[in-house]
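Results of the structural survey
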Amino acid sequence: MLLRGGLIVDGTGGPARGGSVLLEGGRIAAIGDLPDEAGASIDCAGKVIAPGFIDAHSHMDFFSASGDPHHFDSFTAQGVTTFVAGNCGFSPFGFAPETKHRDLIENSLFKAGREHLDWNSFAEYREVLDEIGLTHNFLHLVGHGAARTSLSGFEARPLTEGEHAQMLGLLDSALSEGAAGVSLGLQYKPGVFAKLDELDEVARLVKRHDKILTVHAKAYSSFSGTYPMVPFGRAHNLKAIDEMLGLARRTRVRLQFSHLIFVGTRTWKTVDEAVDLFDRAIADGVDVCFDMFPYRCGATLLNTLLPEWFMARMPGALRSPLARARLRVEADVGFHLVGFGYPQMQITNACCEEYDEHNGRFIPDIAKRVGKSNFDTMLDILDKSSVEARGLFHEYYNDEIIDRLMQHPAAIFASDSWPEPGGHQNPAAYGTFPRFLGRARERGNISLEEAVCKMTGSAAARFRLSKRGLIKEGYAADVVVFDWDAVKDGTNKTGDAAPSGVEEVFVNGERILEAGAVRAIRGAGEVLLG
Ligand SMILES: [Zn+2]
């Protein structure tokens, strides 16, 4: 396949140049002023030819074994060819085979993918993927949360010595089998119960394998229930950054700080200091980067709002008048301190019959309709959904913060999204990469070349993807063709609007987007080993 006469943006960040790109045998065979011989070709005049986009923070691994390749359609339409998955402590492998908590891992945030995880190791999981046939490339992280859950469930306690050793053993095996690193989810159960000495040992293990540690930090707002409330204390999101940079300094591990967001309008004043913390660490030689998405909202579980003490007493706490009364007071104070609250909470999937009709609505709207207070509505949804309700929380960023972070040398781009089986969708699953590009064009905060680099070459370098992420001879034929003047995300009421301007996508030379139409091809993608 000859991609003829386009503007080549090669993913290095270097200047675009005119030329053609020849794809042959799943590789980029030639680049430049190529003769138009007989054979398949696509006229790319006026179009950009770039490396396929890498979603540097994904949870799509739970969907890849589902047997339904259409889960990936919205990503194909954006130009994504590769996912870095297994983030935030969640991975569909890495658990102890004999665990009695398999259901807790199966019923995670992403359970739409597959009912049962009927494999016992990363190697076995890979065999299942090979059988099913991946539509995209996947690099996998192993979740600390998955390993820990399989040993002590969601019990709110440190691991015993034996469990600790077992946990490290499970992570060690997955890393040896080709996982690219370990992910931490310190705001979710059970990561929220892990103390720093446990995390240090995980980081040392990752360092020994010379791999990467990604972290969903313990807090992303200036006040968070995951830390004790101390008057006039350090903003919790900064404390969380301090802790993780401290861990990287102590252990020398390569650290990827996941989705650097600033939840709530009052957290926004910490942006300067947060960026400064990263800058100083980098200046001191700490190997740290962060990822980000281009939307002001992000998807999460409703229960991430709950403080650690409440989570530790679930589900009983939901029905305890005393616990509810204390939570109500803390929520009022917390929301006030953070500048975030019910009006910013949109239920995307209530995960229960009683509230499913309200999917897409914000809490105050639902509360009015059911005749309850905002607080009671939130807890009722948590209760009825067995704490599984999902939401889209707003005011994670403002436009200024997004523009600024996009410019940061340590920033790489990601969607942190997945398709919801029902209800309202997270627009990030439909428009992240076109939105980054459209934003770069319209706001001029970064150049076309820089934007492409942060979703290709930089991400590939960060996760050490071999021979991917660049338009370069001998590299994998993961390629996207888009219209720089037209590329942007779509918008609609249900969050699932298709983007525009992305025209062709190739994964390992297979054409998975043809003139804007998605072709779900099993076996086009492959598992990339770290
Ligand atoms: Zn996360």
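Everything discussed here concerns the structure shown above.
Residues numbered from 1 in each chain as written. Predicted model: local features only at pLDDT ≥ 70, side-chain atom pairs only at ≥ 80, totals over all residues. Heavy atoms only, no water.

**Let's talk about the overall build of the chain**
Within the chain, the secondary structure is distributed over 19 helices and 21 strands. The globule rule puts the C-alpha radius of gyration for 530 residues at 24 Å, and the 22 Å found for the chain is close to it. Taking the principal axes of its C-alpha atoms as reference, the chain extends roughly 75 × 50 × 45 Å. In the chain, buried positions account for 62% of the 530 residues. Within the chain, residue pairs in contact and separated by at least 24 positions form 75% of the contacts whose partners lie at least 6 positions apart. The chain carries 55 positive and 70 negative side-chain charges, and their two centres are separated by 5 Å. (Helix = DSSP H or I, 4+ residues; strand = E, 2+ residues; numbered from the N terminus. Rg over C-alpha atoms; globule rule 2.2 N^0.38 Å. Buried < 20%, exposed > 50% of the residue type's maximum accessible area, 1.4 Å probe, protein only. Contact = heavy atoms within 4.5 Å. Lys, Arg positive; Asp, Glu negative; His and termini not counted. Charge placed at Lys NZ, Arg CZ, Asp CG, Glu CD.)

**A look at helix H16 (residues 399-407)**
Residues Ile-401, Ile-402, Asp-403, Leu-405 and Met-406 constitute the buried set of H16. In this structure, the buried side of H16 is in contact with helix H9 (271-283), strand S12 (288-292), strand S16 (411-413), helix H17 (428-443) and helix H18 (448-454). Sitting at the amino-terminal end of H16 is Asn-398, which places a side-chain oxygen 3.1 Å from the backbone nitrogen of Glu-400. (Polar contact = N/O pair within 3.5 Å; in protein donor to acceptor, adjacent residues only side chain to side chain.)

**Describing the coordination of the zinc ion**
Bound to the zinc ion on the protein side are Cys-88 (SG), His-216 (ND1) and His-259 (NE2), at distances that span 2.1 to 2.2 Å. Sequence positions of the residues that donate to the zinc ion give the spacing C-x127-H-x42-H. Note that Cys-88 is positioned in the loop between strand S7 (80-85) and helix H3 (102-106) and His-259 in the loop between strand S11 (254-257) and H9, a separation of 171 residues in sequence. Of the residues examined, Cys-88 reaches a relative accessible area of 2% and is grouped as buried. On the accessibility criterion, His-259 (3% relative accessible area) is buried. (Donors = N, O, S within 2.8 Å, 3.2 Å for Na, K, Ca; no water.)

**Section: the pattern of salt bridges**
Taken as a whole and judged by the stated rule, the model has 34 salt bridges. Among the ionic contacts, a cluster of salt bridges with common partners joins Glu-354, Lys-372, Asp-380 and Lys-384. (Salt bridge = Lys/Arg side-chain N within 4 Å of Asp/Glu carboxyl O.)

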